[in-house]
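So the chains spell out like this:
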Amino acid sequence: LKEGRKRIAVQCKKYGKPVGNAAVSAIYAGAKHYGAKQAWVVAPEGFTKGAVELAKSTGVRLMGRKGIDGLLRDA
């Protein structure tokens, strides 16, 4: 996502189960490479404990079904 000079790296996952830490690692690295100020992983089925822990230590934002629904209501 890009708004003016602000960039947010976003990775969307439509898996049938919670997303693991590989997605968090990938978006974190991609955000650094492209100079994005934020990194998000969006996954309706949620995240594994490992993904949540890695996201906390790297500053990656995780958005599950509740977060997605909230964005849609605010739109």
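Undergrad: With reference to specific residues and values, describe the packing of helix H1 (residues 21–34) against helix H2 (residues 49–58).
TA: At a closest axis distance of 8 Å, the pairing of H1 and H2 adopts a crossing angle of 25°. Looking at the two axes, H1 sits roughly parallel to H2. Contacts between H1 and H2 involve Asn21, Val24, Ser25 and Tyr28 on the former and, on the latter, Gly50, Ala51, Leu54, Ala55 and Thr58. A class-by-class count of the residues in the contact of H1 with H2 yields five nonpolar, four polar and no charged.

Undergrad: Got a sec to walk through the environment of alanine 43? Specific residues and values, please.
TA: With respect to the helices, strands and loops of the structure, alanine 43 is situated in the loop between strand S3 (38–42) and H2. Between the C-alpha atom of alanine 43 and that of alanine 31, which follows or precedes it by twelve residues, the distance is 18 Å. For alanine 43, the residues in contact, after removing those within four places along its chain, are Lys13, Val19, Met63, Gly64, Arg65 and Ile68.

Undergrad: Give a detailed account of the sheet that holds strand S4 (residues 61–63), specifying residues and quantitative values.
TA: Pairing is mixed across the open sheet formed by four strands, whose spatial order is S1-S2-S3-S4. The strands lining the two open edges of the sheet, one partner per strand, are strand S1 (2–3) and S4. Strand direction decides the pairing type here: S3 and S4, joined by three bridges, are parallel. Note that in S4 the partner of tryptophan 40 across the bridge is arginine 61.

Undergrad: Describe the packing of aromatic side chains, and please don't skip the residues or the numbers.
TA: Throughout the structure, instances matching the rule amount to zero aromatic pairs. The cationic tip of arginine 61 hangs over the ring face of tryptophan 40; the distance from NZ or CZ to the ring centre is 4.7 Å.

About the criteria used
Residues numbered from 1 in each chain as written. Predicted model: local features only at pLDDT ≥ 70, side-chain atom pairs only at ≥ 80, totals over all residues. Heavy atoms only, no water. Axes fitted to C-alpha atoms, helices over the stretch in contact; angles between N-to-C directions. Helix = DSSP H or I, 4+ residues; strand = E, 2+ residues; numbered from the N terminus. Parallel < 35°, antiparallel > 145°, perpendicular 65-115°, else oblique. Contact = heavy atoms within 4.5 Å. Nonpolar A, V, L, I, M, F, W, Y, C, P; charged D, E, K, R; others polar. Pairing = 2+ DSSP bridges. Phe/Tyr/Trp six-rings, centres within 6.5 Å; stacked < 30°, edge-to-face > 60°. Lys NZ or Arg CZ within 6 Å of the ring centre and 35° of its normal.

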